[in-house]
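If you want the building blocks of each chain, they are given just below.
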Amino acid sequence: MNLLDIDDLTSGELHAVLDRAVALRADAPGETPSPLSEQTLAMLFEKPSTRTRVSFETGMTRLGGHAIFLGPEDIHLGHGEPIRDTARAISRYADFLMARVFDHADVVELGEYATVPVINGLTDDAHPCQTLADLLTIRDHFGTLDVDVAWVGDGNNVCQSLVLGAAMTDLDLTVATPEGYGIDDGVRERASGLGGAPVETSDPAAAVADADLVYTDVWVSMGEEDKRQEKLRAFEGFQLTQELVGDRPVMHCLPAHRGEEITDDLLESDQALVWDQAENRMHAQNGLLVWLTE
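Let me begin by describing the structure that accompanies this report. A quick note: this is a predicted structure, and the numbers were derived from the prediction, not measured. (Residues numbered from 1 in each chain as written. Predicted model: local features only at pLDDT ≥ 70, side-chain atom pairs only at ≥ 80, totals over all residues. Heavy atoms only, no water.)

## Some points on unusual backbone geometry
Here the amide bond leading from Leu254 into Pro255 is cis, since omega sits at 0°, within 30 degrees of zero. Looking at the secondary structure, you find Pro255 in the loop between strand S9 (250-252) and helix H11 (264-267). In this structure, Glu38 takes a positive phi of about 65° despite not being glycine. Relative to the elements of secondary structure, Glu38 occurs in the loop between helix H1 (11-25) and strand S1 (40-45). By the secondary structure assignment, Leu254 is in the loop between S9 and H11. We classify Leu254 as buried; its relative accessible area is 12%. (Helix = DSSP H or I, 4+ residues; strand = E, 2+ residues; numbered from the N terminus. Buried < 20%, exposed > 50% of the residue type's maximum accessible area, 1.4 Å probe, protein only.)

Here's what the structure looks like:
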């Protein structure tokens, strides 16, 4: 089985992954069983990332396995050789393949030709591992996923996977984006089929009004540098500030552009769940890796 987006899981499977993550997290470092002993995760990176690399590498070590980093200089995905050949070859060496790439079609092709589980570590369309960590963090904080969440910002890959994750759980999601920066029609349709599309608005204050938690991400994602000034103008009024958020907890998948989508003081406040969220990347992915072997 592959995890190319969060709805590759059923709702029951998603909850099972989160439960497995919690159980593995309960073991103290050094006391975790070794369910992935002698197993290897090959990690393909077109896009750099602190949290994705460290969380997967550390997680594999804790689970008794090993991770191999393959960066842009190590592997030319789709250029030095066809993607299907890379998938087939790595499948002969490794037990899992994680890819963090630009084009979602590339991870789909890896999943089609690999004979081991393929995990999407991020594409321009989706970030399912982040959604697992987000849901785990919300469940940790509130004791349930029956929570009202407001997303304020860009309808990007993180937002789109969260939309699907919300539809698969009890999460009530409102998405506030500027006109022209909302979620894709296809994602909205998939969410409707899974349990319900989010409420959508272009008014951040309206989105936050009934929320238990507020979530944002960068306005200018990696690879969009040429759109920076255009997007900064479009997102005026969408910054998370103390005035907008009030005393609600806040989430951000990091890295943050402090002073743009969120103020520095809010990110440094006790309301910020971002560090638990970052740690939960490792725990959620550990839960996924072990669940995939069961």
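Back to the write-up after that little detour.
## Here we look at the sheet that holds strand S7 (residues 199-201)
Read across the sheet, five strands follow the order S7-S6-S5-S8-S9 without closing on themselves; strand pairing throughout is parallel. Each edge of the open sheet carries a strand with a single partner, namely S7 and S9. Adjacent strand axes in the sheet meet at a mean angle of 20°, parallel and antiparallel pairs treated alike. Pairing of strand S5 (residues 148-152) with strand S8 (residues 213-216), which is carried by three bridges, proceeds in the parallel orientation. Residue pairing for S8: Trp151 is matched across the bridge by Tyr215. Packed onto the sheet, helix H6 (residues 157-167) meets S5, strand S6 (172-176) and S8 and runs at close to 155° relative to S6. (Pairing = 2+ DSSP bridges. Axes fitted to C-alpha atoms, helices over the stretch in contact; angles between N-to-C directions. Contact = heavy atoms within 4.5 Å.)

## Remarks on the sheet that holds strand S2 (residues 66-70)
Neighbouring strands of a sheet are bound in pairs by backbone hydrogen bonds; such pairs are parallel or else antiparallel. Here we have four strands laid out as an open sheet, ordered S2-S1-S3-S4, and parallel in their pairing. The open sheet has two edge strands, S2 and strand S4 (118-122), and neither has a second partner. When the angles between neighbouring strand axes are averaged without regard to direction, this sheet yields 20°. Where strand S3 (residues 96-100) and S4 come together, four bridges link them in parallel fashion. Its bridge partner being in S4, Leu97 is matched across the sheet by Val118.

## Quick look at the side chain of Asp217
Position of Asp217 among the secondary structure elements: in the loop between S8 and helix H9 (228-234). Among buried Asp, Glu, Lys and Arg side chains, Asp217 stands out as unpaired, with Arg51 the closest opposite charge at 8.8 Å. Not counting residues up to four positions away in its chain, the partners in contact with Asp217 are Trp151, Asn156, Val158, His252, Cys253 and Glu261. (Lys, Arg positive; Asp, Glu negative; His and termini not counted. Salt bridge = Lys/Arg side-chain N within 4 Å of Asp/Glu carboxyl O.)

## A look at the pairing of S1
Along S1, six of the six residues are buried, which leaves the element largely enclosed by surrounding structure. Of the two faces of S1, the one carrying Thr40, Ala42 and Leu44 and the one carrying Leu41, Met43 and Phe45 are both buried. Strand direction decides the pairing type here: S1 and S2, joined by five bridges, are parallel. For Leu44, the partnering residue across the bridge sits in S2 and is Leu70. Since S1 and S2 lie parallel, the crossover through helix H2 (residues 50-62) that links them has a hand, and here it is right-handed. Pairing geometry for S1 and S3, over five bridges, is parallel. Residue pairing across strands places Met43 opposite Met98, the latter belonging to S3. (Right-handed = clockwise from strand over helix to strand, strands pointing away.)

## A word on the environment of Pro204
Counting through the fold element by element, Pro204 comes out in helix H8 (residues 204-208). For Pro204, a relative accessible area of 9% corresponds to the buried category. With 29 residues separating them in the primary sequence, Pro204 and Val175 have C-alpha atoms 8.6 Å apart. The residues touching Pro204, leaving out its near neighbours within four places in the chain, are Val152, Ala176, Gly237, Phe238 and Leu244.

## Observations concerning the pattern of salt bridges
Within the structure shown, the criterion is met by 13 salt bridges. With a shortest N-O distance of 2.7 Å, Asp124 and Lys47 are connected by a salt bridge. Of this pair, Asp124 sits in the loop between S4 and helix H5 (128-142) while Lys47 sits in the loop between S1 and H2; the two residues are 77 residues apart in sequence, bridging distant segments of the chain. Looking at Asp124, the relative accessible area reads 40%, which means it is partly exposed.

## Notes on the packing of helix H3 (residues 83-91) against helix H4 (residues 104-113)
Packing of H3 against H4 brings their axes to within 8 Å, and their N-to-C directions diverge by 50°. When the axis of H3 is compared with that of H4, the two are oblique. Pair H3 / H4 crosses with right-handed handedness. Touching Ile83, Arg84, Ala87 and Arg88 of H3 are Asp106, Glu109, Leu110 and Tyr113, all from H4. In terms of residue class, the contact of H3 with H4 is made up of four nonpolar, no polar and four charged. (Parallel < 35°, antiparallel > 145°, perpendicular 65-115°, else oblique. Left-handed = near helix turned anticlockwise from the far one by under 90°. Nonpolar A, V, L, I, M, F, W, Y, C, P; charged D, E, K, R; others polar.)

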